[in-house]
Amino acid sequence: MKNKTGILVFVAILVIATVAIYIWGSNLLKGVEEEETKSNTLAPQIRNLFSTMNAIDEYPTRPGKPDWQGKYLIVENNQSDSMNARYSTKWNELLGTDKNFPGNDVKGVVMIALYTVIEGSFERVLGIPSDTKAVRQSYIISYLDIAQKAVLARDTLIGADPPTVIRRGESGWGDPPAEDLVVETIKKRLK
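What you see is a predicted model, and the numbers here were worked out from it, not measured in a lab. (Residues numbered from 1 in each chain as written. Predicted model: local features only at pLDDT ≥ 70, side-chain atom pairs only at ≥ 80, totals over all residues. Heavy atoms only, no water.)

A. Expanded view of the environment of Asn 77. Positionally, Asn 77 belongs in strand β1 (residues 72-77). The partly exposed category is assigned to Asn 77, whose relative accessible area is 27%. Taking the C-alpha atoms as reference points, Asn 77 and Leu 114, 37 residues apart in sequence, are found 7.3 Å from one another. Within the local environment of Asn 77, its side chain forms a polar contact with the backbone nitrogen of Leu 114, the two atoms lying 3.4 Å apart. (Helix = DSSP H or I, 4+ residues; strand = E, 2+ residues; numbered from the N terminus. Buried < 20%, exposed > 50% of the residue type's maximum accessible area, 1.4 Å probe, protein only. Polar contact = N/O pair within 3.5 Å; in protein donor to acceptor, adjacent residues only side chain to side chain.)

Quick look at the structure:
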């Protein structure tokens, strides 16, 4: 009788775990599809800024204060065939700019670009070199004025140091800058 109960508990736990993983995966895919759809339906003025020929680095820098009165959208860098920017549901919701979608009336676009810097590499036991790199993740936040077609300002946020030691199978990547730091930096720049 104990064996049957143990087997039933194990099977129940396995079923619950499988269902939870399926729901999590479905929600993740739904979010990716939603962002892809929103990216493809951004206003033409924004889509044209980031066509396959244009990336944020190709725009001139004209230092100034972005004065957009809350009329902006957040995009992330994206290397795809159709556009070098992807609408970011997460950042727009955190900053309250999701109401500006699809961007017909926005005055500016904030681009959050993730970049990585290889800080070094890890060594295996006994000092034998490894191929695993120690990587720091950071953001460059660019404020692109649509009328001027120029970047008015940039903020660089440095992420956490990569771990000093890793175990087999672990990542050698440091965490990107915290979400609240990104939000506060953008709000401070655009007040």
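Next comes the rest of the description.
B. Representation of the side chain of Thr 185. Residue placement: Thr 185 occurs in helix α4 (residues 179-189). Using a relative accessible area of 16% as the deciding quantity, one classes Thr 185 as buried. Those residues in contact with Thr 185 that sit more than four places away from it in its chain are Tyr 143, Asp 155 and Leu 157. (Contact = heavy atoms within 4.5 Å.)

C. Broad picture of α4. For α4, every residue scored as buried is listed here: Val 182, Val 183, Thr 185 and Ile 186. Projection of α4 onto a plane perpendicular to its axis shows the buried side chains occupying an angular sector of 165°, all on one side. Every exposed residue of α4 that faces more than 90 degrees away from the buried side is listed here: Asp 180 and Lys 188. (Arc of directions from axis to C-beta.)

D. Quick look at unusual backbone geometry. The residue after Phe 101, namely Pro 102, is reached through a cis peptide bond having omega 15°. When you line up the elements, Pro 102 lands in the loop between α3 (89-95) and β3 (108-123). Even without a glycine there, the phi angle at Gln 69 is positive, about 45°. A relative accessible area of 51% places Gln 69 in the exposed class. Despite not being glycine, Lys 149 has its phi angle at roughly 50°, a positive value. Tracing the backbone shows Lys 149 in the loop between β4 (129-145) and β5 (150-158).

Fair warning: the whole summary comes from geometry, so function is off the table for now.
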